[in-house]
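Spelled out from the first residue to the last, the chains are:
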Amino acid sequence: MRKFAVVLFVALGISSLPAQAGVDGAKQFAEQYAKHAQVANPGFKPTAEAGRDFYTKKYERRKDNKEEACASCHTDNPLNKGKHVDTGKPIQPLSPVTNPQRFSDLQKVETKFKKHCNNIIGRDCTPAEKSNYVTYLMSLEAPKK
Ligand code: HEC
């Protein structure tokens with residue numbers, strides 16, 4: 001898998017692999033996606049606000065024109081467990097703040113982005129969208145214990 005990851009990073013012009021899990025790993029994803037976005041738009045800076053807008057924006061999904069957002073399955077609060085809108089299956093929290101396993105595996109992250117973005121928006125997400133999205137997810141504050 002590591003070979004695949006390296007090839008992909010090279011294809012994206014991304015120079016280093018996330019070595020950490022959780023928020024630190026997510027930060028590396030956000031930075032690398034931002035670098036990639038800056039190739040086309042040198043002034044690009046990811047923001048949590050843009051990521052939140054993207055996360056909650058509703059699209060007509062391709063398969064049946066039902067309105068769906070990332071939040072439909074991952075819930076309004078990505079710190080919480082999600083629930084699949086079609087199957088009702090539980091989904092572990094999407095935010096690395098409450099789920100350190102998120103954004104630690106490049107292949108998984110890229111596969112999910114591609115699949116979910118295509119299902120909902122009808123195209124892959126851009127590096128800028130991915131960078132904003134990850135920035136939003138890692139900016140959330142963990143609930144007080
Ligand atoms: C129809 C339900 C559904 C919708 C809508 C949805 N997702 Fe997901 N998402 C899932 C499931 C299921 C998983 C995998 C669950 C797991 O790994 O525990 C997942 C996981 C992910 C992951 C993997 C993160 C990681 O490191 O493990 C990313 C990234 C992701 N989704 C992005 C998105 C984006 C972006 C959108 C909106 C464009 C979106 N998802 C909308 C169901 C959904």
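Residues numbered from 1 in each chain as written. Predicted model: local features only at pLDDT ≥ 70, side-chain atom pairs only at ≥ 80, totals over all residues. Heavy atoms only, no water.

1. Considerations on the site of the ligand
- Residues in close proximity to the ligand total 18 residues, the closest being Cys70, Cys73, His74, Arg102 and His116.
- Within the contact set of the ligand, an oxygen atom lies 2.8 Å away from a side-chain nitrogen or oxygen of Lys108.
- Between the ligand and His116, the relevant distance is 2.6 Å, taken from a nitrogen atom to a side-chain nitrogen or oxygen of the residue.
- Of all the cavities here, the one that holds the ligand is the largest pocket. (Near = heavy atom within 4 Å. Polar contact = N/O pair within 3.5 Å; in protein donor to acceptor, adjacent residues only side chain to side chain. 1 Å grid on protein atoms, 1.4 Å probe; cavity = no way out; pocket = protein on both sides within 12 Å on 5 of 7 lines; lining within 4 Å. Sits in = over half its atoms within 2 Å of the grid points.)

2. Thoughts on the coordination of the iron atom of the ligand
- Distances from the iron atom of the ligand to its protein donors, namely His74 (NE2) and His116 (ND1), fall within the range 2.1 Å.
- One can describe the donor arrangement at the iron atom of the ligand as octahedral, given that its six donor atoms subtend angles of 79 to 179° at the metal. Placement of His74 in helix α4 (residues 70-74) and of His116 in helix α5 (residues 106-120) is noted, with a sequence separation of 42 residues between them.
- For His116, a relative accessible area of 31% translates into the label partly exposed. (Donors = N, O, S within 2.8 Å, 3.2 Å for Na, K, Ca; no water. Tetrahedral: all angles 85-135°; square planar, octahedral: opposite > 155°, others 65-115°. Helix = DSSP H or I, 4+ residues; strand = E, 2+ residues; numbered from the N terminus. Buried < 20%, exposed > 50% of the residue type's maximum accessible area, 1.4 Å probe, protein only.)

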